[in-house]
Amino acid sequence: MISSKKLQFVCFLFFLIFATTIDAQETLATKNTETVLYLGNGEKQPLIVGLGGSEGGNAWTSDYWKKTRDQFLEKGYAFLAIGYFNATNTPKLLEKIAIEDVHNAILKATENKQVDAERIAIIGGSRGADLGLLVASYYDDIDCVVGLVASHAVFPGNTNHFTTSTWTYNGAELPFIPVNDASVPFIMKRDLRGAFSAMLQDTVAEQNALIKVENIKGPILLISATEDEVAPTTPMCNKMIARLKQQNFQYYTEHVAIVGSHGDSLKHFELVFNFLKHKFPVKK
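Each value, and the rule that gives it
Residues numbered from 1 in each chain as written. Predicted model: local features only at pLDDT ≥ 70, side-chain atom pairs only at ≥ 80, totals over all residues. Heavy atoms only, no water. Helix = DSSP H or I, 4+ residues; strand = E, 2+ residues; numbered from the N terminus. Rg over C-alpha atoms; globule rule 2.2 N^0.38 Å. Buried < 20%, exposed > 50% of the residue type's maximum accessible area, 1.4 Å probe, protein only. Axes fitted to C-alpha atoms, helices over the stretch in contact; angles between N-to-C directions. Parallel < 35°, antiparallel > 145°, perpendicular 65-115°, else oblique. Left-handed = near helix turned anticlockwise from the far one by under 90°. Contact = heavy atoms within 4.5 Å. Nonpolar A, V, L, I, M, F, W, Y, C, P; charged D, E, K, R; others polar. Expected span 1.5 Å × (residues − 1). Core = buried A, V, L, I, M, F, W, Y, C linked by side-chain atoms within 4.5 Å. Pairing = 2+ DSSP bridges. Salt bridge = Lys/Arg side-chain N within 4 Å of Asp/Glu carboxyl O. Disulfide = S-S within 2.5 Å.

**Q** Hey, could you go over the overall build of the protein for me, with residue numbers and the actual values?
**A** Scanning the protein from terminus to terminus reveals 9 helices and 11 strands. In terms of overall size, the protein behaves like a compact globule, its C-alpha atoms giving a radius of gyration of 20 Å where 284 residues would be expected to give roughly 19 Å. On the principal axes, the C-alpha backbone points of the protein span a range of 70 × 40 × 35 Å. Within the protein, buried positions represent 52% of all 284 residues.

Written out as structure tokens, the structure is:
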């Protein structure tokens, strides 16, 4: 049995460790986004922005992601969780999401004096990875991007008609790869990967809808899934890496293809932490 004094001492140590890691949690007032900022107790904390995928809501505020979120804080980063649809004060559906609203939410977080406004990285999963790559391609104050099972191009919004873009910029829909006749049978039987693969047969639309990753001003890590049941993420990530090489992209790039399904890419955050340690480190 642990004595009362020893138990009190252990609890006190736990409190000290936790208190030196977690300093504040603040919900920010931002347009069309649900934005929650988590801070440690350091000064000039580099900002990690977390974007969830087509599950909607604000995934990075959930209990499921708390352990990983806290790991960022323990390593000296501030963490910003942004919900951009089907969350509080956000659009209901994943369609015509204004990427400038997401960028403005990031800028709002950098107003906090504990955040290093000059050092911003985005980590996105699935559609959130697409969004992260897009934001970084339009705004040069994003210094680093991690895309988990990302697409290389823009696809239709998640509606029952599939006739609108997922994203907009300054009020205009971004070009997207439309649903075509070849993809309809796959959609009817809920074969998402088959539907996306069929849509990509429209190579003209694909080229028109490409995410301009070559405009990003910092290192990029892509993690795909070779057996992805949602979309052909490994081939799409390979296309992005090939384009970056063709464009003589000056920053570090890495693509890790995980053997597994769409969700398996989220089980390898050791790759993300190692990448950030070397390419987006916390300055001691």
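**Q** So, the packing of helix α2 (residues 66-74) against helix α9 (residues 269-279): which residues are in play, and what are the values?
**A** Packing of α2 against α9 leaves a shortest axis separation of 12 Å and a crossing angle of 15 degrees. In terms of their interaxial angle, α2 and α9 are classed as roughly parallel. Where α2 crosses over α9, the handedness of that crossing is right-handed. Between α2 and α9, the contacting residues are Thr68, Gln71 and Phe72 on the first element and Phe269, Phe273 and Leu276 on the second. Looking at the contact of α2 with α9, its residues break down into 4 nonpolar, 2 polar and no charged.

**Q** Which residues make up helix α4 (residues 127-138), and what values go with them?
**A** Its 12 residues give α4 an end-to-end C-alpha distance of 17 Å, which sits within 8% of 16 Å, the value for a rise of 1.5 Å per residue. Counted residue by residue, α4 has 11 buried out of 12 residues, so it is predominantly covered. For α4, the set of buried residues is Arg127, Gly128, Ala129, Asp130, Leu131, Gly132, Leu133, Leu134, Val135, Ala136 and Ser137.

**Q** An account of the nonpolar core is requested, with residue identities and associated values reported.
**A** Leu47, Ile106, Leu133 and Trp167 are the most contacted members of the largest nonpolar core, which totals 55 residues. Considering each element in turn, this core owes the most residues, 6 residues, to α4. Listed in part, the 26 residues of the second largest apolar core include Ile48, Ala59, Phe79 and Leu148.

**Q** Tell me about the pairing of strand β1 (residues 24-28), and please be specific about residues and values.
**A** Looking along a regular strand, one sees the side chains alternate between the two faces of the sheet. The pairing of β1 with strand β2 (residues 34-39) spans 5 bridges and is classified as antiparallel. When the sheet's bridge partners are listed, alanine 24 is paired in β2 with leucine 39. Between β1 and β2, which pair antiparallel in sequence order, lie 5 residues; one of them, asparagine 32, sits at a positive phi of approximately 60 degrees.

**Q** Can you lay out the pattern of salt bridges for me, pointing to particular residues and giving the numbers?
**A** For the coordinates displayed, the defined rule picks out 5 salt bridges. Of the charged contacts in the structure, one is a salt bridge between lysine 108 and glutamate 111, with a shortest N-O distance of 3.6 Å.

**Q** Mind laying out the state of the cysteines, listing which residues take part and the relevant values?
**A** Covalent bonding between the sulfur atoms of two cysteines defines a disulfide. The final tally for this structure, using the stated rule, is 0 disulfides. Here cysteine 144 is not cross-linked by a disulfide; its sulfur's nearest cysteine counterpart is in cysteine 237, at 15 Å. For cysteine 144, a relative accessible area of 0% corresponds to the buried category.

**Q** Requested: an account of the packing of helix α3 (residues 99-109) against α4, with residues and values cited.
**A** At a minimum axis distance of 10 Å, the contact between α3 and α4 shows a crossing angle of 80 degrees. Considering the angle they form, α3 stands roughly perpendicular to α4. Counted together, Ile99, Val102, His103 and Ile106 of α3 and Leu131, Leu134, Val135 and Tyr138 of α4 form the full contact between these two elements. Its residues assigned to classes, the contact of α3 with α4 shows 7 nonpolar, 1 polar and no charged.

**Q** Can you tell me about the sheet that holds strand β8 (residues 167-169), naming the residues and giving the values?
**A** Judged by pairing direction, the sheet is mixed, and its 3 strands sit side by side in the order β5-β8-β9 without closing on themselves. Because the sheet does not close on itself, it has two edges, and the strands there are β5 (97-98) and β9 (172-173). Bridge analysis of β8 against β9 gives 2 bridges, and the strand direction is antiparallel. Residue pairing across strands places threonine 168 opposite glutamate 173, the latter belonging to β9.

**Q** How would you sum up the sheet that holds β2? Please name residues and give values.
**A** One open sheet holds the 8 strands; their spatial order is β1-β2-β4-β3-β6-β7-β10-β11, and the pairing between them is mixed. At either margin of the open sheet sits one strand with a lone partner, and together these are β1 and β11 (253-258). Averaged over neighbouring strand pairs, the angle between their axes works out to 15 degrees when direction is ignored. Across 4 bridges, strand β7 (residues 144-148) lies against strand β10 (residues 220-225) in parallel orientation. Bridged to valine 145 within β10 is isoleucine 220. Contacting β2, β3 (45-51), β4 (78-83) and β6 (115-125), α2 crosses the sheet at an angle of about 145 degrees to β4. Here α9 sits on the sheet and contacts β3, β6, β7, β10 and β11; the angle it forms with β7, its principal contact strand, is near 170 degrees.

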